[in-house]
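Descriptive analysis of the structure
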Amino acid sequence: MAPEAGAATATAGQVEDASAAPLAVQLPEKYLRESPYDVSPWYSQITFGFMWPLLSVGSKRPLTNGDLPPLAEMDLARTSTEKHWDAWNEQREVPRKAGRRLLRALWTVHKADFFVSGVFALLFNAMAVTSPALLGPFIDWLSDDDAPDATGYYFAAALTGAALFSALCVHTNLFMMYRMGWRSRIGLTGALHRKMLTVSAGSLRSHAEKMEKIKSKKMEKIMKKKAAGDGGKGGPGSKGAKGGKGGKGKAAGKNPATASIYNLIASDADRVDMTMRFLHSWITIPSIIILIALLMARVGFAAGFAAVGTLLSLLQFIKHLGKKMGRRRKKTAMATDQRVHQMSEVLQSMPTVKIYAWEAPFTEKIVELRRAEHKSIKLSQRMKAINMVLATSVTSFTALVTFAVYINGEERDMSIADAFSVIALINVLRNSTQQLSMILEQLPEAFVALKRMEGFLDLPEVHSLAAPKIPADQVRDGEELVHVDGASFYWPSKEEKGGDAAPPVPAPAAGGVEEKKGDEAASGDGDEAGPAAKQPLIAADKGPVLALDAVRVSAHRGQLTLVNGPVGAGKSALLSALLGELESVNPERVHSRGALAYSPQEPWIMSGSLKSNILFNADYDEERFEKVMHACALDVDAEQLPNGVDTEIGEKGVNLSGGQKARVSLARACYAVVDVVLLDDPLAAVDPEVAAHLFRACIQDYLLGECNVAVVLVTHQQQFEPYAHTVLKLGLGGRTESLVTQTPEPRPQSPPPTPRLARAHSTGFARKESEDDKEKKEKKAPVALMQQEDRATGQLTWRTWTGYFAAGGYDRWIFVAIMLSFAQAVQMFADFYLKIWAEADDQQNPLLVGIYSVLCFSVVFVSLVRSFSFYSTSLRASSFLHNAALASVLRAPLYFFAMTPLGRILNRFSSDIGQIDEFLSSVLFVTLYIAHNTLGTLVLACVVVPWICILMPFVVYILWILRQFTSRSIRELKRMDMINRSPVYSSFSSAINGLVAIRAYGRAEQVDEHFQEKLGLGAIAYYYWIVANRWVGFRLDLVAAAMVASLTFSLAGLKGSIDPGLAGFGLVYIITLTAAFQFMVRMSMEVETFMTSVERVIHYATEVPQEAVEVPNPNGKRSGVTLRAPATEATAVEARAPQKQGIDAEAGIDPSEVALLEVGDRWPTAGALKIDSLRVRYRHDLPTVLKGINIDIPAGIKVGICGRTGSGKSSLLLSLARLNEIEGGHVYIDNVDHQRVSLQELRRSLAVIPQEPHIFSGSIRFNMDPFHQYKDEEINDALRMVNLTGTVEHESQQQPLTLDSEIETGGANLSQGQRQLLSLARALLRRRKIVLLDEATAAVDFKTDSVIQRTLREADGFHDATCVIIAHRIKTIIDADLIVVLDDGNVAEVGSPTELINQGGVFAGMVRESELQHGGHVLRRLETI
């Protein structure tokens, strides 16, 4: 049971309201109908004039997605995906080194654009060389009084034309390269999604495990340190022996590949995008050669040769450093993957984390992973700093060597004209080397990303057994549709590549199989515990793992094949094999005909309406739909929903109960027009009456009768065996224990189900309505289920900036500012010293050379200190924000995770944190560097040529106007881009989780089409962000060209009235100044763009609703720097609306004024429970789900809670742990009001076995005891009591289970029953006086159920505890001391089982229904008590 998703919480800034009134400022309709790029004239395309209408609207109000025009056909996400997919398939079989095939595929797609953009890049670099080349002759003309006046104007016109043509070329090139990178990211993301739909679940997991193994090696030192610090106990990363694989295995468990694949699209694709923008930096190499040639022309061959040698040596070192950065980037990516993977796992398991009060250990674990990532990023950024400093210092050292050789080797001294020319050439050379260093830095990192993506794209594809529906004229009653004759199946090996690993050797086909015919089916009452201890629990680590050994089964049209067996026998693995998800050792023994439908044991629910979940892209047939709704007992549920079948269902069905999710999944299988339906225990999650209805109305009447399909049903409920045509019993190791063909008994006659069969579901918003309720409902809009993505609009708030700088530390930022100014001063003095040197009488004086040498090395040293301090501070700020957001999210109440999609939360901790780590720090550093450079150059230029100051205010004003006009649109476009990515990530994650079902229904193509639509919608904002940046950049460069024109033509007109030396010196720096101005403006907007990620993370750190749980400050000693008041006091957050708890809430008493009680570690000592007038809702804006419950439970008794689906059973259990909102009444535990006990102490005092067991990756020990509070002997005792320990004999091998044995993500290498037993052992270990079980036996067979019940009665940790048990199986609670029957949030009946049976009420009816199913075993069990 999961709480309902609901309305959005408050967000930072204004949130876009889709329902707002029509916007006052609208775009022309034609502009929104077709791509403006396609219909614009050529001159508008090259000047980006088609962006004017959008920017004009954006300057007046915040842009919305509806304002964005459509894209050109060549820019559509579908087009990019097809091109990249086809190119990859062409290159896939070509033998090349890792990463080269995908690189070749990218070349195939983009080579035309690469060549065209390369032409513009070449022209731009030619103009960059032309300007300094013309500067020397222009200065010579100024110095020559006899030169013709017209020549000066020619030079001025040439310099102006070079600036204008340069602006045109550079922005055309940048637009094409940015668009190329964007297309690559979109195309690769689409290709990865399409590939994922073709890869088996086992292969995905094997790939993820391989990546995890690599990461584990990198993290081994950290884990060893942690283990040492924990006294030698195994932590989450502990490794150990693995046992055999059985049960659900890989396909049915939670997919551990989610985080690994998620990072491919969230991080690696972005890395490729960023790198492709600067691919044409290689063109700077010929520019550098030309510049060197010009230097030689000025200073001679010897000095030029020395310059070349120095330059090549430094560039070679930079290249070497770039390779090291690539290796470091690979390690950083692994650390990021591990952190995101752990975060994803914790978010998916939040109900267990909350109810066990495990926020603290998981906070520490994730923070520890962040520290490792922080350390790796820090090393990477230090390499980046060294690279940048060397790149900017290359020209200084080159100048030092050049002038030293020139002065000592040439016969003439260095003139002022030579100095100015060399300075100008050096400035261009500096920019060229910076561009070159940038690509040398990013190429290794991008290649690492390409290799990771190529490794995934190279995975073997599944051989699905799904086929088209058999035409009606070819259908034959009783025809065999599935035939497996002694086939063996295995999971892909972790070491397998491309599916070529040698399969395991199976046993003989018929060995050990007992095949019976007729009515010889053996039936048992299920009371005796089977050999659960002998089940294969965890798979061996080497070689393919045999999941099913010589299995035999068949399915015929119109007949039921029932599969049962003990926990871990491989029942679900059999269905996976029939779906083609397992590899067959002998595929010739497997035959299948017709279309398939599949209902997994863990239902896959998509985010969408109830109707869309059932249709699953199929055509709507009203009559068929209504029949399916009735057969699956969903018709009454739909009537209770706010919008009926069109009601939104949250991600993973968060607003549905477990039984409802199972029935929705079953309804999807029923609605599909197929030949074979595979059902994986859909009856386990519902109560007996609903289970009986589903079996009769859905399976027997509808599927077998009306639809005439073959049904393969996996179930633990043996009472249905007599009605099956074939019964397959699997034994340990996946062997066929018996195969019985029989004549099914006729369907028993029973009255039709009552309208209360499927009562309103457990979220509380769907309840039985009175006439007054219906009238109110018509007047009130339904509550939103999922929170809309928060989007702040307008300018970044001052709080965002102060929050970022506070996170880094104000003292550190002040030091960074000082070092930035000091480094600029040293750099400028070193440049100015060249003029002093050139004017010296004795230029060969060694002292002059020595001073300049000292200045050059000082520039390097000070720049390194500046860069190291900046990157260290910015990374410190990033980690602080990450940790603050982490602590805030883990302190959030449970309903927050129900109303917020997992992909949205992960987006904060992956994409946003990555943006802050990498991109924001780099862009902010460049902005501050250019700002100091610009300020220093402006001051120097004004000192040299004072009249230049007259031009500055006008230039600054124009630049400011341009920035203000465009910055709003650019900022909003970036915000929209970040928000629009979340649905893409969520859709990707959802497809991974439902991968098997998607292929079973043959819906891969439609799912991919739906993903392409989301991908396309998510890409539009980014595209127009690119164009908007080019629009403003082009116009800023036009302003720079205008300044060059005004200055050069003024100098030509003022010839003779100004000193040529001062004019030349001023011209050099003015050219630099104008370029720096426009670059600084562009970079400042980039900073605002990436600061939106800071804004989003700070929002999670400060605005997420909080519970009063104690989470240690993850920022350690920096606890004084907070973004919100910490909720360490239990009353701190409970006092906040709507978190107000029910301590006389109706009387208006503020909970913050009620003192908390210190109850101690041993509380409760008895376990008595008294529930007094308890009223509960999931959230303040949702209906009440418990409406005045009164129950008195003495200490030490066993209480069974039963009732129809949605009656409030799970709500009652959640209220005992205060996981929902108590609006009135009290719960007393040992006479202590549990609302006066801190949440941490309350939840630690309970032992809970939830409906859905959440298992974490890591060791058995960590899953049992993440706090390291218990001894190994105690943990082993708990495992032994639930029969999850010992030695397993399988395939003649002993496979020991130890505390260090690894559990994979979500317990994927355990069956559902095994995960539940581990959850039981976890609760048993706590030895609490109150034990809560929420449908803990729903997914296990009756023998395992008996083990659990015997453990509850006899185990040391349970036999004297108060046990509150929710169960659909009456047999599970028939021996309880007290029975509580709930109905629509009220207590319907209370009493002992015997009393309630004698009364003949609701419980008596449930017992009679169960008796029909179990053949008298229920009452016989009651008689033996």
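Look up a bit, the structure's there.
Residues numbered from 1 in each chain as written. Predicted model: local features only at pLDDT ≥ 70, side-chain atom pairs only at ≥ 80, totals over all residues. Heavy atoms only, no water.

**So, the overall build of the protein**
Scanning the protein for helices and strands turns up 43 helices and 27 strands. Residue burial in the protein is summarised as follows: out of 1425 residues, 64% are buried. The long-range share in the protein, meaning contacts at least 24 apart out of those at least 6 apart in sequence, stands at 85%. Roughly 50,400 Å² of accessible area belongs to the protein as shown, and the carbon and sulfur atoms make up 57% of that amount. (Helix = DSSP H or I, 4+ residues; strand = E, 2+ residues; numbered from the N terminus. Buried < 20%, exposed > 50% of the residue type's maximum accessible area, 1.4 Å probe, protein only. Contact = heavy atoms within 4.5 Å. Areas by Shrake-Rupley, 256 points an atom, 1.4 Å probe, with all protein chains shown as cover.)

**Let's talk about the packing of aromatic side chains**
Considering all chains together, one arrives at 41 aromatic pairs under this definition. Residues Tyr37 and Phe50 carry aromatic rings whose centres are separated by 5.6 Å and whose planes lie at 85° to one another, so their mutual orientation is edge-to-face. Remark: Phe50 occurs in the loop between helix H3 (42-47) and helix H4 (52-60) and Tyr37 occurs in helix H2 (residues 36-39); sequence separation between them is 13 residues. For the pair formed by Tyr37 and Phe50, the shared burial category is buried. Through successive ring pairs, a cluster of aromatic residues spans Trp801, Tyr804, Phe805, Trp813, Phe870, Tyr871, Phe925 and Tyr929. The aromatic ring of Tyr1022 is capped on one face by Arg185, whose charged end is 4.6 Å from the ring centroid. (Phe/Tyr/Trp six-rings, centres within 6.5 Å; stacked < 30°, edge-to-face > 60°. Lys NZ or Arg CZ within 6 Å of the ring centre and 35° of its normal.)

**Quick notes on the side chain of Gln381**
Positionally, Gln381 belongs in helix H15 (residues 359-409). By relative accessible area, which is 2% here, Gln381 ends up buried. Leaving out residues up to four positions away in the same chain, Gln381 has contacts with Tyr871, Leu875, Asp917 and Ser921.

**Concerning the sheet that holds strand E27 (residues 1386-1391)**
Across the sheet, which stays open at both edges, the six strands sit in the order E19-E24-E25-E16-E26-E27 with mixed pairing between neighbours. Taken across any chain shown, the strands that pair with only one partner, and hence form the sheet edges, are strand E19 (1246-1249) and E27. Strand-to-strand, the axes of this sheet are offset by a mean angle of 20°, without reference to chain direction. One ladder, built from five bridges, connects strand E26 (residues 1378-1383) with E27; its direction is antiparallel. Along E27, the bridge assignment pairs Val1381 with Glu1389. In the packing of helix H34 (residues 1209-1216) onto the sheet, the strands contacted are strand E16 (1198-1203), E19, strand E24 (1330-1334), strand E25 (1362-1366) and E26, and the crossing angle to E24 comes to about 150°. (Pairing = 2+ DSSP bridges. Axes fitted to C-alpha atoms, helices over the stretch in contact; angles between N-to-C directions.)

**Some details on the packing of helix H7 (residues 149-196) against helix H31 (residues 1004-1053)**
Packing of H7 against H31 leaves a shortest axis separation of 9 Å and a crossing angle of 170°. Judged on the interaxial angle alone, H31 and H7 are roughly antiparallel. Class assignment of the residues belonging to the contact of H7 with H31 gives a composition of 30 nonpolar, 10 polar and six charged. (Parallel < 35°, antiparallel > 145°, perpendicular 65-115°, else oblique. Nonpolar A, V, L, I, M, F, W, Y, C, P; charged D, E, K, R; others polar.)

**So, the pattern of salt bridges**
Under the defined criterion, the tally for this structure stands at 47 salt bridges. Put simply, Glu479 and Arg593 hold a salt bridge, and the shortest N to O gap is 2.7 Å. On the criterion of sequence distance, the pair formed by Glu479 in the loop between helix H16 (416-457) and strand E1 (480-491) and Arg593 in the loop between strand E6 (590-592) and strand E7 (596-599) is long-range, its members being 114 residues apart. According to the relative accessible area criterion, Arg593 is partly exposed, its value standing at 34%. With its nearest N and O atoms 2.9 Å apart, the salt bridge here joins Lys1329 to Asp1360. Here Lys1329 is found in the loop between helix H38 (1312-1326) and E24, whereas its partner Asp1360 is found in the loop between helix H39 (1342-1354) and E25, with 31 residues between them in sequence. Several salt bridges share partner residues, and in doing so they unite Arg185, Asp270, Asp273, Arg277, Lys974, Asp977 and Arg981 into one network. (Salt bridge = Lys/Arg side-chain N within 4 Å of Asp/Glu carboxyl O.)

**What about the sheet that holds strand E15 (residues 1184-1193)?**
In a beta sheet, neighbouring strands pair by backbone hydrogen bonds and run either parallel or antiparallel. The strand order across the open sheet built from four strands is E15-E14-E17-E18, with neighbouring strands paired in antiparallel fashion. Single-partner strands in this sheet number two, and they are E15 and strand E18 (1232-1233).

**Details of helix H29 (residues 952-993)**
Helix length check: H29, at 42 residues, gives a terminal C-alpha distance of 60 Å against a target of 62 Å (1.5 Å per residue), a fit within 8%. Of all 42 residues in H29, 32 are buried, a share of seventy percent or more. (Expected span 1.5 Å × (residues − 1).)

**Quick look at the pairing of E25**
Burial of E25 is extensive: five of the five residues sit out of reach of the surface. Of the strand pairs in this sheet, E16 and E25 are connected by four bridges, and their pairing is parallel. Across the sheet, Val1199 pairs through a bridge with Val1364, a residue of E25. Note that E24 and E25 share five bridges and pair parallel. Within E25, the residue paired with Val1331 across the bridge is Cys1363.

**Side note on a nonpolar patch on the surface**
Taken together, the side chains of Tyr957, Ile958, Trp960 and Ile961 define a hydrophobic patch exposed on the protein surface, amounting to about 440 Å² of accessible area. Its place among the elements puts Tyr957 in helix H29. (Patch = residues over 30% accessible without salt bridge, like charges linked within 9 Å, V, L, I, M, F, W, Y side chains within 5 Å.)

**Thoughts on unusual backbone geometry**
Keep in mind that most residues, glycine aside, have a negative phi and that most peptide bonds are trans. A cis geometry characterises the amide bond from Trp1163 onward to Pro1164, with omega recorded as -5°. Phi at Ala550 is positive, roughly 50°, even though this residue is not glycine. For Ala550, a relative accessible area of 1% corresponds to the buried category.

**Considering the side chain of Glu1088**
Turning to its location among the elements, Glu1088 is positioned in helix H32 (residues 1060-1102). Glu1088 gets classed as buried once you look at its relative accessible area, which sits at 13%. Among the polar contacts listed, one links the side chain of Glu1088 to the side chain of Arg963, at a separation of 2.8 Å. Setting aside chain neighbours within four positions, we find Glu1088 in contact with Leu796, Trp801, Arg963 and Arg971. (Polar contact = N/O pair within 3.5 Å; in protein donor to acceptor, adjacent residues only side chain to side chain.)

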